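The chain contents come next:
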Amino acid sequence: MKGDKKYKMASIVHYKIYNKQGNSDNLKSIFEKYFKLLREAAYQGHPLAQYNYAQQFEDIGILGMNNPIFNYSKSFYWYKKAAINDVPEALNSLGYCYEFGLGCSKDLTKAYECYKKSSELGYNIAKKNLKQFKKQYPTLKSSV
């Protein structure tokens, strides 16, 4: 699969971040390496790399700081790329973006479709989200 080698290398680097190996300057350097490898794998078309790359643009903290690259539009773009390849987590995240208009126009029909497909692929969080979505928008489910 294209990007597989870079994705595997990024996963090894991510392990170092997750286990907080080194001091904060070293962790920043390790994160930069991870981000570069992940970006390369995503651009090469690796679906899981695309999903993980999308997460990098979420409103999350990096190494205890606010995310300096927070960007819903980029996150949405990469979730959509990964969702095309049926990555269940990406479909769930894409559904969330559509439900709340994060990086895209709000579209409840597309949100429902994404949650449903992610659920069908066995992603438990999407199953919960779909159940909640149906409760929140009871008239929508009958029209889809």
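Worth saying up front: this structure is predicted, and the values here are computed from it rather than measured.

Reading the values: rules and limits
Residue positions within a chain follow its written sequence, with the count starting from 1. Local features in this predicted model are restricted to residues whose pLDDT is 70 or higher, and side-chain atom pairs enter the listing and the counts only when it is 80 or higher, whereas totals over whole chains, interfaces and linings include all residues. The side-chain numbers reported here are obtained from all heavy atoms of the structure, hydrogens and water having been left aside. Where helices and strands are cited, they refer to DSSP runs of H or I of at least four residues and of E of at least two residues respectively, numbered from the N terminus. Accessible area is worked out with a 1.4 Å probe on protein chains only. A residue is then buried under 20% of its type maximum, exposed over 50%, and partly exposed in between. Residue contacts are defined here by distance: any two heavy atoms, one from each residue, within 4.5 Å place the two residues in contact. Throughout, nonpolar core names a set of buried Ala, Val, Leu, Ile, Met, Phe, Trp, Tyr and Cys residues whose side chains join them through atoms within 4.5 Å. Helices are assigned an expected span. That span is 1.5 Å times one less than the residue count. This arc is taken over the directions from the axis of the helix to the C-beta atoms. Definition of a polar contact: a pair of N or O atoms within 3.5 Å, with one able to donate and the other able to accept a hydrogen when the atoms are protein atoms, and with sequence-neighbouring residues admitted only if both atoms are side-chain atoms. Within 6.5 Å between ring centres, the rings of Phe, Tyr and Trp (the latter by its six-membered ring) count as paired, and their orientation is classed by plane angle as stacked under 30 degrees, edge-to-face over 60, tilted in between.

J.: Which parts of the structure should I look at to understand the overall build of the chain?
T.: For the chain, the count of helices and strands is 8 helices and 0 strands. Considering the chain as a whole, with its 144 residues, one finds that 40% of them fall into the buried category. The long-range fraction of contacts in the chain, counting pairs at least 24 apart against all pairs at least 6 apart in sequence, stands at 45%.

J.: Just checking my understanding: could you explain the environment of D4 for this structure?
T.: With respect to the secondary-structure elements, D4 resides in helix α1 (residues 4-18). Take D4: its relative accessible area is 25%, and that puts it in the partly exposed class. Considering only alpha carbons, one finds D4 and L48, 44 residues apart in sequence, at a separation of 9.4 Å.

J.: Would you take a moment to explain the environment of F31 for this structure?
T.: By the secondary structure assignment, F31 is in helix α2 (residues 24-43). A relative accessible area of 14% places F31 in the buried class.

J.: Sorry, what's going on with the nonpolar core here?
T.: Nonpolar side chains in soluble globular proteins tend to end up buried together. Counting 37 residues, the largest nonpolar core has Y53, Y79, A90, L94, Y98 and F133 as its most contacted members. Looking at this core, the elements that each hand over two or more residues are α1, α2, α3 (47-55), α4 (72-84), α5 (88-100), α6 (108-120) and α7 (124-136). With 8 residues, α2 is the single largest residue contributor to this core. The contacts of Y53, once residues within four sequence positions are left out, are F35, L38, R39, A42, Y43 and W78.

J.: How should I be thinking about α6 in this particular structure?
T.: Along an α-helix, residues three or four positions apart point the same way, because every turn accommodates 3.6 residues. End to end, α6 covers 18 Å across 13 residues, agreeing with the expected 18 Å (1.5 Å per residue, within 8%). Within the span of α6, buried status applies to A111, Y112, C114, Y115, S118 and S119. The arc that holds the buried residues of α6, viewed along the axis, is 165°, so those residues lie on one side. Of the residues that open α6, the one with a side-chain oxygen 3.1 Å from the backbone nitrogen of T109 is D107. A positive phi of about 95° marks G122, the residue just after α6.

J.: I would appreciate a short explanation of the packing of aromatic side chains in the present structure.
T.: The geometry of an aromatic ring pair is captured by two quantities: the separation of the ring centres and the angle between the planes. Under the criterion given, the structure shown has 16 aromatic pairs. Their ring planes at 75° and their centres at 6.2 Å tell us that F35 and F57 sit as a pair that is edge-to-face. A residue pair is termed long-range when its members are at least 10 positions apart, and F35 in helix α2 and F57 in the loop between α3 and α4 qualify at 22 residues. Here the two residues F35 and F57 agree in accessibility, since each one is buried.

J.: Looking at this model, I keep getting lost on the side chain of H46. Mind explaining?
T.: Mapping H46 onto the fold places it in the loop between α2 and α3. In this structure H46 comes out as buried when scored by relative accessible area, which is 4%. A distance of 3.3 Å separates a polar atom in the side chain of H46 from a polar atom in the side chain of D4. Sequence-distant contacts of H46, that is, excluding residues within four places in its chain, are made with M1, K2, G3, D4, Y7 and A41.

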